[in-house]
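Chains, contacts and geometry: an overview
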Amino acid sequence: MAAKEAGTIAYEVLRDRMVQEQIESRGIRDRRLLKVMRDTPRHAFVPDDRRDSAYWDMPVPIEHGQTISQPYMVALMTELLRLTGDETVLDVGTGSGYQAAILAQLARRVVSIERIPELARTAAERLAALGFTNVEVVVADGSAGWPESAPYHAILVAAGAPDIPEPLIAQLAPGGRLVVPVGSGGTQVLTAVQTLPDGTRMTETHGPCVFVPLIGEHGWKH
Ligand code: SAH
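The sections below set out a description of the structure shown in this document. (Residues numbered from 1 in each chain as written. Predicted model: local features only at pLDDT ≥ 70, side-chain atom pairs only at ≥ 80, totals over all residues. Heavy atoms only, no water.)

Details of the pattern of salt bridges
- Per the counting criterion, the structure on display carries eight salt bridges.
- Linking D16 and R38 is a salt bridge whose minimum nitrogen-to-oxygen distance equals 2.8 Å. Of this pair, D16 sits in helix α1 (residues 2-23) while R38 is found in helix α2 (residues 31-39), placing the two residues 22 residues apart along the sequence.
- Its salt-bridge partner being E24, residue R38 comes within 3.4 Å of it at the nearest N-O pair. Taken together, the residues span a long stretch of sequence, with R38 in helix α2 and E24 in the loop between α1 and α2 at a distance of 14 residues. (Salt bridge = Lys/Arg side-chain N within 4 Å of Asp/Glu carboxyl O. Helix = DSSP H or I, 4+ residues; strand = E, 2+ residues; numbered from the N terminus.)

Observations regarding the nonpolar core
- Core analysis: the biggest nonpolar cluster contains 48 residues, and I28, M37, L83, Y98, I102 and L190 have the highest contact counts within it.
- Counting only elements with at least two residues in this core, the list comes to α1, α2, α3 (71-81), α4 (98-104), α5 (117-129), β6 (152-157) and β8 (188-195).
- Sort the elements by how many residues they give to this core and α3 lands first, with eight residues.
- Contacts of M37, omitting those with residues within four sequence positions, involve R15, M18, V19, I23, P71, V74, A75, Y98 and I102.
- With 19 residues, the next largest nonpolar core counts V92, I155, A159 and V180 among its residues. (Core = buried A, V, L, I, M, F, W, Y, C linked by side-chain atoms within 4.5 Å. Buried < 20%, exposed > 50% of the residue type's maximum accessible area, 1.4 Å probe, protein only. Contact = heavy atoms within 4.5 Å.)

Side note on the packing of aromatic side chains
- For the coordinates displayed, the defined rule picks out two aromatic pairs.
- Look at Y11 and Y55: their rings are 5.9 Å apart centre to centre, the planes differ by 50 degrees, and that puts the pair in the tilted class. Linking Y11 in helix α1 with Y55 in the loop between α2 and β1 (60-61), this pair joins segments that are 44 residues apart in sequence.
- Accessibility expressed as a relative area gives 17% for Y11, which makes it buried.
- Judged by its relative accessible area of 4%, Y55 is buried.
- Aromatic side chains F45 and Y98 sit 5.7 Å apart centroid to centroid with 70 degrees between the ring planes, which places their arrangement in the edge-to-face category. Remark: Y98 occurs in helix α4 and F45 occurs in the loop between α2 and β1; sequence separation between them is 53 residues. In terms of burial, F45 and Y98 fall into one category: buried.
- Looking at R26, its charged tip hangs above the ring of Y72, at a distance of 5.1 Å from the centre. (Phe/Tyr/Trp six-rings, centres within 6.5 Å; stacked < 30°, edge-to-face > 60°. Lys NZ or Arg CZ within 6 Å of the ring centre and 35° of its normal.)

So this is what it looks like as structure tokens:
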């Protein structure tokens, strides 16, 4: 018991340091987001033998050749969605479930979509064990979105797409925001799209990034 408590305290220290040195220092200012990243046990979302690296400044390999994104990238993408607490959010690429856990504490409801059933199952179990009741994990091709729960106020894609997947734009509510890494080959450009009430869209880019591929009908074919 003493060892477990000591371990928990150590993780809190690592998280504080992660937020200060990797996230605040790079310009993330959203107070709610910083608090949620301080509170969320990232080590619970990585394989047991990777727990030591959970708070490092890098993506960490998870099962099935996938990765849990770098903490700063999770923070940056989340901040770009400008959540205030009332939103329905689509999270494409559940992976470990960590990004979904962050979003679930900043929005009303999260639908998280994953193409690999085993990852989806593990993430759903983890989220339930941590007490999340506002995240629904579905197994499907997220490059086509998830029309059943559309429209979304915000959509976050944690996998690299060759182009902005059109179905995702179609499933955004007016004024909604989409964040997606776009690019061919191994690197992408972090791209943020906002739909305006008159139906036009505004697109901004936020620098280079590296994600595993978005594989699906509106992503890479294999
Ligand atoms: N957000 C995750 C990081 C996921 S890595 C986390 O916090 O851990 C990207 C994930 O996207 C992988 O799990 C991969 O299987 C999934 N993925 C790739 N293409 C997909 C698609 N078309 N639909 C749903 N998930 C997809």
